[in-house]
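# Structure at a glance
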Amino acid sequence: MSSLYEEIKSAPASDIPVRQITVNVNGEPRTANVEPRLLLVHLLRQAFKLTGTHSGCDTTNCGACTVLFDGRPIKSCTMLAVQAEGHNVETVEGLASASELNPIQEGFKQEHALQCGFCTPGMMMAAKALLEENLNPTEDEIRWALSGNLCRCTGYQNIVKAVLWAAEKMRAELN
Amino acid sequence: MKLDEVKIGGMGASRRRVEDNRFIRGKGNYVDDIVLPGMLHMEILRSPLAHARIKSIDTSAAWDMPGVRLVLTGEMMAARNLAWMPTLSYDTAAVLATDKVRFQGQEVCAVIADDPYIAKDACGKIVVEYEVLPPIVNPVQAAAPDAVQIRDDKAGQVGNKVFDWEIGDKARTDKAFADADVVSKIELHYPRTHPSPMETCGSLADYDRATGKLTVYMTSQAPHIVRAAVAMVAELPEQNIRIVTPDIGGGFGNKVPIYPGYVIAILASILTEKPVKWIEDKTGNLTSTGFGRDVYLKGEMAMRKDGKILGVRMNTISDHGAFFADAQPSKFKIGLMHSAFAAYDIPTAHMFATGYYTNKAPGGVAYRCSFRVTEAMFFQERMVQAAADDLGMDQAEFRRINFVKDEQHPHRTAFGFLTDSGQYEKCLDIGLEAIGYKNFAAEKAEAAKRGRLLGIGISTMTEPLGAGNSREYDILGIKMFDSAELRIHMSGKALLRTGSRGQGTGHETTWAQIVAHELGIPADDILVEEGDTDTAPFGMGTYASRSTPVAGAAIAMVARKVRAKARKLAAHLLEVSEEDIEWELGRFYVRGNQERGVTIQECAMAAYSNMPDGMEPGLENVAYYDPPNLTWPFACYIAKVEIDPETGVWDVLQFVAVDDCGVRINPMIVEGQIMGGLTEAYAMANMQYQTYDEEGNIIGGNYMDFLLPTAWETPGFELYEVVTPCPHHPIGAKGVGECATVGGPAAFVNAVMDALKDKGVRNIDMPLMPNRVYEALTTGKDVYGMPPVRSGN
Amino acid sequence: MYPSRFKYESPKTIAEAIKLLDAGKGEAKILAGGQSLVPMLKLRFAFPEQLVDINNIPGLDYIRFDADGSLHIGALVRHEHLEKSVEITNRQPTIAAAAPLVADPIVRTRGTFVGSVCHADPQGDWAATMIALHGYLVVQGPKGKRNIDMKDFVLGPYANALNYNEIAIEAVIPAPKGVARGGYLKLERRVGDFATASVAVSLDMSSDTVLGAGFALAGVGGKTIDANEAASALIGQKLTDATIAKAAALVAAKAEPRTDHRGSAEYKRHIIETFVKRILIANSEQKVA
């Protein structure tokens, strides 16, 4: 018990399969009891209250739910929460440190790479995965790497600029 | 020392957006992020059929599931007089179906449960027995004499016609055609499409029986209209209704209407006495909420052989789906379709419009558009290109000779609008220069050697943004004005509220800039709040690019009211009479002695601590702004495309946009709006549409078939700027949000048609998918896109 | 958007997984990359009683060229592993060309090659690629391993030749006699779109003579289409305008497209013919190392 009290709800029906899982989210182990059918995006949003990851479509097309899974970008609406047992998940909430924004976040603000902000967390996570592999991407490489994430507001041009901005800053920080 | 307006984040500053601070941290607050204690979840069971009589509904198995709290049917809604609700166009729409289902995806039942997974499970247990009726998927079928009547619920309804409507001078136009040397014709379909914001619709209704207060968090572009509608429909006292619009994940017109889900969730909260959350899935959003367009346009242009346009005729047949639910000013049945040809000096015009019911989703919303102007401008620019081709004239030259000249403004259009200002030729010249128009013939010849077809497409248009004025524009009788309320705190910091609601459009940033411009208070010192009907002044909301033209003007006006009071406080502090006070940005001073002055912040402090005798304390005000006219931005869009004739695939080689939206408050945000709008234009021209098969099944009901372009396909855009200040707007601004979506599609389509000019093809309906382009260029025939199409593979 | 209820197991060995499938009597489904299965669960197009997640079985994520030149792809190799593999780029051009065209880059980090072959989506890229490459699958069940030739594997739309208690553990592409060449082209309206039509072509070349060839099609029939018969037009020949045209016509004749909103049957057949030609011409212009 993590608090002084816990309301006892009626026991779940015995035929409902429930599992306890522990997932390393943004560097912190988080534990929950889940039904196997729970999607990872709902685990993050509902159980862990990390609502920065959005659920955008039903068909694994939009990428608003993109998170990093052991460092690689995945669509968290297309993975079961139980599959994340023992794995590392990074969400938008883990991008900034207490005092500092990630250069990708700064770049998105500086280059006006977001409007409604709904696709932004997924877009930034996909950008992070790209820059971890390639700190000197071309415009085409950026467009290609982000082509699994839909944006309805910006027309992408400023998103490309934002990633270039972040890459430049990250290269400068390395030197 | 004089304040630097750009440094304080005033007019013209590309100020970085305030709202981004939360969005980039994942701290946005969208409706699905809101959690209330004891909250239940609602899922909707939708009709799998386009047209069918409901024979029976058995919900017993759903009720029996653990975790299910409520199952609602149309019959239960009807018992509370809520089975039907009014639309924004004086029609009715079903909330939950009682008698028939009239389109695929229509709401039939709703389940409220402890968890959305359980609610979905229970939907699967509901058994509905249907008797299939023949579906109607286009106006031709709807108009057939033996067509089954879709709206048999409406007393006095004849057949499937919604309206006939006409405007313009028929006799004079007939005469112009009789006198013409050349008459040019075109016929096309602007396909059904969907605004499809990334976030779907949703709401969280919370009724408190103890206080009688109903709070609804919802994705609405017009929260005050919702409050008024809920008061009327649910018969609740208006002061006890609070609508809160949190962050909106894109709207584009989709989130203006009131949808069945909102109404059902409210009733469910009243019945269960718990908060009820409804979050639509993407399929629900695409198959049931407000679509855009779906109009057949036919018309002709009368010309002298020197190219002068003498008159225009237009004929529109619109497909409204099962309920006439267009979001549009009441006076006009087909929105502002008659704004067509406003950029051209045409003596006379006439338009006849007809609307039909079909077994398709209702809507006809203003998708990034001021009420059908998208169809109007698309038709206009397709007609202009066809006419130039028929005359054998250069398409740029034909536009130039027919443009309204700068000095002709204000100009009365043939359909009766009054355009306010513009420099059309200048915009066209900048665009032609940027695209390399002069060298195009050589470029085309070079491409031909590589087996490729090159085309150039121009779209030039002015369109009416920012409804009202209130004399002519109302929605359900509510006049189309807007509002702003400004409070200056004693430290000189400020709180601004408006009746509009940003949806990614940067209001929190831009509105502060207008106040900074008017008062000299740094933008960073001004908090902007919108979307809560308990705190914001009444406004008609954000759509049709009306925020800057109307709410933006209200902000300037309220700041001026506040400044007028501050002047009195300054006079008191400086111990001179008010007439001897001069204003410069952020500061009053004594005429003839600029050194002797007080800042606006000092005046604010005085309003709470040192006001003159007899003066009411405080420094705040409200302004309601009723615009004298619409604002008329102009745009020139030019696309250069290359077609692979073996496959019909076309690529954009270059795209140039010249926008004149008057004074730009925040140039960075304006450019963001233009690039976003151009992308939606490209999407509609290339891939994004909804169609139906012969059974009335929707094609384009999820993102596997309703295609939005990714970063990979979307071309780059080159932007250019011309500024003609709006003469009747307090800060000279015009609307801009929709210009690119309205004017853009014709540039892409005209470019492809230009490339195919030699093949004898006059029209391909959007989207110009490779198969359609290939068909046109191999057969030399026009390609039309009217449904039904054959589905499946 | 909310899957229906199912049981879930995540075995650590293939034997354990087979035991679970066997006990499931056809109601248990394998979960590998999940990029087709999970969307079907979300839309409630699929209602399995149990999922057997094979992602925790070690040793299945290899891409290996054996000494004899055959290529072996383990059951947990993700699309992006193939896309980024230098060895694949250098030695297996048909797979190298198809890998970046599978779905979108985020889906490719998770979806598996073998899972996609087994899914047998008529519009899927990998089943067609495997047929064109004359590949086979190594499958394991309660009675041990067997090989299933790709020509016998796809039975229909979303139907394959696996028994309910078998797992495809490896895909094998036989070694070319000469040098492996080929390509893959897909007509899609945007990244991640289903194919309007796509073509996989494999070539086995010695100098400029074709020793072997393979063709398969996606998106133009009720199932993945085996057009390997058309190889007869090329084997023993050089890639000339005439042989290329003949092969392309033979391949296009095998297509069974339907007219729909993506295009007419004739258009899709024309695209197949055009794409076969384009791949073959590109290969004829390339110098053989």
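Residues numbered from 1 in each chain as written. Chains lettered and ligands numbered in written order. Predicted model: local features only at pLDDT ≥ 70, side-chain atom pairs only at ≥ 80, totals over all residues.

### Quick look at the domain arrangement of chain A
All names here are of chain A. So the rule is basically this: These domain boundaries are the output of an automatic or database domain assignment. Contact criterion: two residues are in contact if their C-beta atoms, reconstructed from the backbone, are within 7 Å. Per the convention used, a helix needs a DSSP run of H or I reaching at least four residues, while a strand needs a run of E reaching at least two, with both numbered from the N terminus. Throughout, the ten residues Ala, Val, Leu, Ile, Met, Phe, Trp, Tyr, Cys and Pro are labelled nonpolar, Asp, Glu, Lys and Arg are labelled charged, and all others, Gly among them, are labelled polar.
Here chain A is partitioned into domain 1 (19-94) and domain 2 (103-174). On a C-alpha basis, the centroid separation for the pair domain 1 and domain 2 is 21 Å. Across the contact, 16 residues belong to domain 1 and 13 residues belong to domain 2. Of all the secondary-structure elements, those providing two or more residues to the side of domain 1 that touches domain 2 are β3 (66-69) and β4 (72-75). Each residue belonging to the side of domain 1 that touches domain 2 can be placed in one class, and the counts come to seven nonpolar, eight polar and one charged.

### What to know about the interface of chain A and chain C
Taken together, the contacts link 23 residues of chain A with 23 residues of chain C. Sorting the residues of the side of chain A that touches chain C by element identifies β4 and α4 (139-145) of chain A as the ones contributing at least two each. Top contributing element to the side of chain A that touches chain C by residue count: β4(A), with four residues. Class assignment of the residues belonging to the side of chain A that touches chain C gives a composition of nine nonpolar, 10 polar and four charged.

### Examining the packing of helix α17 (residues 667-686) of chain B against helix α18 (residues 739-755) of chain B
Residue and element names in this part refer to chain B. We apply this condition: Here an angle of 0 to 180 degrees is reported between the N-to-C directions of two axes, which are lines fitted to C-alpha atoms, with helices fitted over the stretch in contact. An angle below 35 degrees is read as roughly parallel, one above 145 as roughly antiparallel, one from 65 to 115 as roughly perpendicular, and any other as oblique. For any pair of crossing helices, the crossing counts as left-handed if the nearer helix is rotated counterclockwise from the farther one by less than a right angle, and right-handed if it is rotated clockwise.
Contact geometry for α17 and α18: axes closest at 7 Å, N-to-C directions at 45°. Viewed along their axes, α17 and α18 adopt a mutual orientation that is oblique. Between α17 and α18 lies a crossing of right-handed hand. For the pair α17 and α18, contact is made by Ile674, Gly677, Leu678, Glu680, Ala681, Tyr682, Met684 and Ala685 and by Cys739, Ala740, Thr741, Gly744, Pro745, Phe748 and Val749, respectively. Of the residues that constitute the contact of α17 with α18, the class distribution is 11 nonpolar, three polar and one charged.

### Description of the pairing of strand β26 (residues 581-584) of chain B
Residue and element names in this part refer to chain B. Our working definition: Here the rule is simple: two strands pair whenever DSSP picks up at least two bridges between them.
When β26 meets strand β27 (residues 587-590), the two strands line up antiparallel, connected through four bridges. Within β27, the residue paired with Trp583 across the bridge is Phe588. In sequence, β26 turns back onto β27 through a hairpin of two residues, with Gly586 there showing a positive phi of about 85°.

### Structural notes on α17(B)
Formally: Here the expected length of a helix is defined as 1.5 Å per residue gap, with one fewer gap than residues. Burial is judged by counting the other C-beta atoms within 10 Å of a residue's own C-beta: 20 or more makes it buried, 12 or fewer makes it exposed, and any count in between marks it as partly exposed, with every C-beta position built from the backbone.
Compared with an ideal rise of 1.5 Å per residue, which puts 20 residues at 28 Å, α17(B) spans 28 Å between its outermost C-alpha atoms and is within 8% of the ideal. Burial within α17(B) is extensive, with 18 of its 20 residues counted as buried.

### What to know about the domain arrangement of chain B
All names here are of chain B. According to the domain assignment, chain B contains domain 1 (20-27 + 482-625), domain 2 (34-133 + 200-248 + 255-288) and domain 3 (292-467 + 629-696 + 708-779). In this structure, domain 1 and domain 2 have C-alpha centres spaced 40 Å apart. Across the side of domain 1 that touches domain 2, the residue classes tally to three nonpolar, eight polar and three charged.

### Description of the sheet that holds strand β31 (residues 649-660) of chain B
All names here are of chain B. In space, the four strands of this open sheet follow the order β20-β30-β31-β34, with mixed pairing throughout. Taken across any chain shown, the strands that pair with only one partner, and hence form the sheet edges, are β20 (453-462) and β34 (718-721). Averaged over neighbouring strand pairs, the angle between their axes works out to 15° when direction is ignored. Relative to β34, β31 runs parallel, the two being bridged by four bridges. Counterpart to Val658 in the pairing with β34 is Tyr720. Running at roughly 150° to β31, α17 makes contact with β31 and β34 of the sheet.

### Observations regarding the interface of chain A and chain B
Between chain A and chain B, the contact holds 42 residues from the first and 44 residues from the second. Put simply, the parts of the chain that give the side of chain A that touches chain B at least two residues each are α2 (103-110), α3 (120-133), α4 and α5 (157-174) of chain A. Taken together, the residues of the side of chain A that touches chain B sort by class into 19 nonpolar, 17 polar and six charged.

### Overview of the environment of B:Gly355
Residue and element names in this part refer to chain B. By the secondary structure assignment, Gly355 is in strand β17 (residues 348-356). C-alpha of Gly355 to C-alpha of Asp164: the two residues are 191 residues apart in sequence and 6.7 Å apart in space. With near-sequence residues (within four places) excluded, Gly355 lies in contact with Val162, Phe163, Ser318, His320, Phe324, Lys333 and Ile334.

### Examining helix α14 (residues 507-519) of chain B
Residues and elements named next belong to chain B. The terminal C-alpha atoms of α14 lie 18 Å apart, and with 13 residues this matches the ideal 18 Å at 1.5 Å per residue to within 8%. A large share of α14 lies buried, amounting to 13 of its 13 residues. Trailing α14 by a residue or two, Gly520 shows a phi angle of about 75°, which is positive.

### Observations regarding the sheet that holds strand β2 (residues 28-34) of chain A
Residues and elements named next belong to chain A. Reading across from one edge, β2-β1-β5-β3-β4 is the order of the five strands in this open sheet, with mixed pairing throughout. Strands at the two margins of the open sheet, each flanked by one partner only, are β2 and β4. The mean angle between the axes of side-by-side strands here comes to 40°, regardless of whether they run parallel or antiparallel. Inspection of the sheet shows strand β1 (residues 19-25) paired to β2 by seven bridges, in the antiparallel sense. Within β2, the residue paired with Val25 across the bridge is Glu28. Each of β3 and β4 touches α3; the most contacted strand, β3, lies at about 35° to it.

### Details of unusual backbone geometry
Backbone torsion omega between B:His409 and B:Pro410 reads -5°, so that peptide bond is classified as cis. Assignment of secondary structure puts B:Pro410 in the loop between α11 (395-402) and β18 (411-412). Omega for the bond connecting B:Met766 with B:Pro767 falls within 30 degrees of zero, at -10°, which places this linkage in the cis form. Tracing the backbone through its elements, the reader meets B:Pro767 in the loop between α18 and α19 (770-779). A positive phi angle is found at A:Lys49, which is not glycine, with a value near 60°. By the secondary structure assignment, A:Lys49 is in the loop between α1 (40-47) and β3. The exposed category is assigned to A:Lys49, around which 10 C-beta atoms lie within 10 Å. Unusually for a residue other than glycine, B:Arg368 sits at a positive phi of about 45°. Topologically, B:Arg368 is positioned in the loop between β17 and α10 (373-391).

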